[in-house]
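Summary of the model geometry
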Amino acid sequence: MSTLRPKGTLKIVFTTEDLALTRIANRADLMWEMMGSLHRLQIRDGGATMDSWRRQAHLRLTETGLLPSVRALLLPLAPRGPYFPDFLTPIEAQLSDENAIQALLDTPRARIQHELDLLRHSTGLASADLEDLARGNLQTIARLGNAAAAYCDTILTPRRPAIDRILAQERAILLRHLSMDGIEQTLAHLKPTIRWRPPTLEVDYPPGLDREIHLRGRGLTLIPTYFCRANPVALVDHRLPPVLAYPAPHRRPPDTGATDALAALLGRTRAEILHRIALTPGGCSTTELARRTGVSQATASEHAQVLRQAKLITSVRQANLMLHHPTRLGNELLTEARNARSG
């Protein structure tokens, strides 16, 4: 007779200062999505949608010749066990995809060696390449960075529109809770695998695994993810900026009637750009607009300029990014078009 092992629990303990410093990731995190997708390749879950994705991913990896390096370097770093190295999900991924890969390449060798020792004790090092990586071999570190970049480009980029849509919906809901009800109600929204029991956030963890993290004034970054389908995940090293990556609910696509109704007025691409900007809390960059609508960055910039001149969007420079936001008039135009379609 078999007995079910009790679920593990992660407890994240907040102070008042931590509540004020809690943040919501403003973009899809390339490295968390990479790790989640590597897990999905190994675990038959997620229903028909993930089954179809797994078949397509395996075909792309085979056609591009990436399958050997993914099997030798990436999959062994994402075992089905309870641990994978923290250096694979750097916080710099919140800045840009390029920063994510560069942070991976810049990981100090001592840190790689330490975290691979933890992996060795958890599930073992499943390839000779990981043994080289554990010795701090610079060529293998470079190969890891190249393999990660190629994998993300081959496997994640084709899925990016769906990823961005799902995560934009979740961010919009979180930001609505935050603006209307405050951070505690935002944390309470994260159920059922996450429960807010002040001053502690209780998170479902794998059976037999219990942890407690005291934030101590550092705050927490909430990272909704597309490919994370099981338990939420936190970093093991308590010295790193605290994050919690969790599965974003896969809701139905939003009504695109606004885009259809506006196409005759603005042109289909421009209407789609306005719609995409409105779906992106925190602002949508020109690069993101180009990727999501399938046009060049120069073309996206030209369309955004026309929308700005029409007072349908505003644009604000933040660091090296130009972030676009819908104006009240832009939102009203989208709403009127949507209402006209549904009526």
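Reading the values: rules and limits
Residues numbered from 1 in each chain as written. Predicted model: local features only at pLDDT ≥ 70, side-chain atom pairs only at ≥ 80, totals over all residues. Heavy atoms only, no water. Helix = DSSP H or I, 4+ residues; strand = E, 2+ residues; numbered from the N terminus. Rg over C-alpha atoms; globule rule 2.2 N^0.38 Å. Buried < 20%, exposed > 50% of the residue type's maximum accessible area, 1.4 Å probe, protein only. Lys, Arg positive; Asp, Glu negative; His and termini not counted. Charge placed at Lys NZ, Arg CZ, Asp CG, Glu CD. Core = buried A, V, L, I, M, F, W, Y, C linked by side-chain atoms within 4.5 Å. Contact = heavy atoms within 4.5 Å. Axes fitted to C-alpha atoms, helices over the stretch in contact; angles between N-to-C directions. Parallel < 35°, antiparallel > 145°, perpendicular 65-115°, else oblique. Nonpolar A, V, L, I, M, F, W, Y, C, P; charged D, E, K, R; others polar. pLDDT = per-residue confidence, 0-100. Pairing = 2+ DSSP bridges. Phe/Tyr/Trp six-rings, centres within 6.5 Å; stacked < 30°, edge-to-face > 60°. Salt bridge = Lys/Arg side-chain N within 4 Å of Asp/Glu carboxyl O.

1. Considering the overall build of the protein chain
Broken down by element type, the protein chain carries 15 helices and eleven strands. Its C-alpha radius of gyration of 21 Å places the protein chain within 12% of the 20 Å reference for a compact globule of 343 residues. The burial tally for the protein chain puts 48% of its 343 residues in the buried class. Charge-centre separation for the protein chain: the mean point of 43 positive side chains lies 4 Å from the mean point of 34 negative side chains.

2. Focus on the nonpolar core
Nonpolar side chains in soluble globular proteins tend to be buried together. Ranked by size, the top nonpolar core spans 54 residues in total, and within it Met34, Leu38 and Tyr151 carry the most contacts. When residues of this core are assigned to their parent elements, the largest contribution, eight residues, is made by helix α8 (residues 138-156). Aside from chain neighbours lying at most four places away, what touches Met34 is Ala148, Tyr151, Cys152 and Leu156. In terms of nonpolar packing, the next biggest core, distinct from the first, is built from 21 residues, Leu201, Val203, Leu222 and Leu244 among them.

3. Some details on unusual backbone geometry
The omega torsion of the bond from Lys191 to Pro192 falls at 15 degrees, within 30 degrees of zero and hence cis. Note the cis peptide between Pro198 and Pro199, where omega equals 5 degrees. Relative to the helices and strands, Pro199 resides in the loop between β3 (194-197) and β4 (200-205). Its identity as a non-glycine residue notwithstanding, Arg216 has a phi of 50 degrees, on the positive side. In this fold, Arg216 is placed in the loop between β5 (211-214) and β6 (221-225). A positive phi angle, close to 65 degrees, is found at Lys311, a residue other than glycine. For Lys311, the position within the fold is in the loop between α14 (297-309) and β10 (313-318).

4. Observations regarding the packing of helix α2 (residues 30-42) against helix α3 (residues 47-64)
In the contact formed by α2 and α3, the axes pass within 10 Å of each other and the chain directions differ by 100 degrees. By the criterion of interaxial angle, the relationship of α2 to α3 is roughly perpendicular. In this structure, α2 contributes Ser37, Arg40 and Leu41 to the contact, and α3 contributes Met50, Trp53, Arg54, Ala57 and Leu61. Class assignment for the residues of the contact of α2 with α3 results in five nonpolar, one polar and two charged.

5. Section: the confidence of the model for the protein chain
Residues of the protein chain with pLDDT of at least 70 account for 92%, and the chain-wide mean is 88. Here helix α11 (residues 257-266) stands out as the element of the protein chain with the lowest mean pLDDT, 56, in contrast to β6, whose mean of 97 is the highest.

6. Here we look at the sheet that holds strand β9 (residues 284-285)
What the three strands build is an open sheet, ordered β9-β11-β10; its pairing is antiparallel. The sheet is open, and its two edges are formed by β9 and β10, each paired on a single side. Along the sheet, α14 makes contact with β10 and β11 (321-326), crossing β10 at roughly 120 degrees.

7. A short note on the packing of aromatic side chains
Evaluated as defined, the whole model comprises four aromatic pairs. With centroids separated by 5.3 Å and ring planes inclined at 85 degrees, the aromatic side chains of Phe14 and Trp196 adopt a geometry described as edge-to-face. Of this pair, Phe14 sits in the loop between β1 (8-13) and α1 (16-21) while Trp196 sits in strand β3, and the two are 182 residues apart along the sequence. On the accessibility criterion, Phe14 (5% relative accessible area) is buried.

8. Details of the pattern of salt bridges
On inspection of all chains with the given rule, the structure shows 17 salt bridges. Among the salt bridges present, the one from Arg54 reaches Asp45, with a minimum N-O distance of 3.8 Å. Where Arg197 meets Glu202, a salt bridge forms, and the shortest distance between an N and an O atom there is 2.7 Å. The exposure class assigned to Arg197 is partly exposed, which follows from its relative accessible area of 45%. With relative accessibility at 15%, the residue Glu202 sits in the buried group. Ionic contacts of the salt-bridge type, sharing partners, join the residues Arg27, Asp97, Arg160, Asp164 and Arg291 into one network.

9. Quick look at helix α4 (residues 67-74)
Among the residues of α4, those classed as buried are Leu67, Val70, Ala72, Leu73 and Leu74. In this structure, the buried side of α4 is in contact with α2, α3, α7 (128-134) and α8.

10. Digging into the pairing of β1
Across six bridges, β1 lies against β4 in antiparallel orientation. Residue pairing for β4: Thr9 is matched across the bridge by Asp204. Of the pairings in the sheet, the one linking β1 to β5 comprises four bridges and is parallel in character. Opposite Lys11, over in β5, you have Glu212 as the bridge partner.

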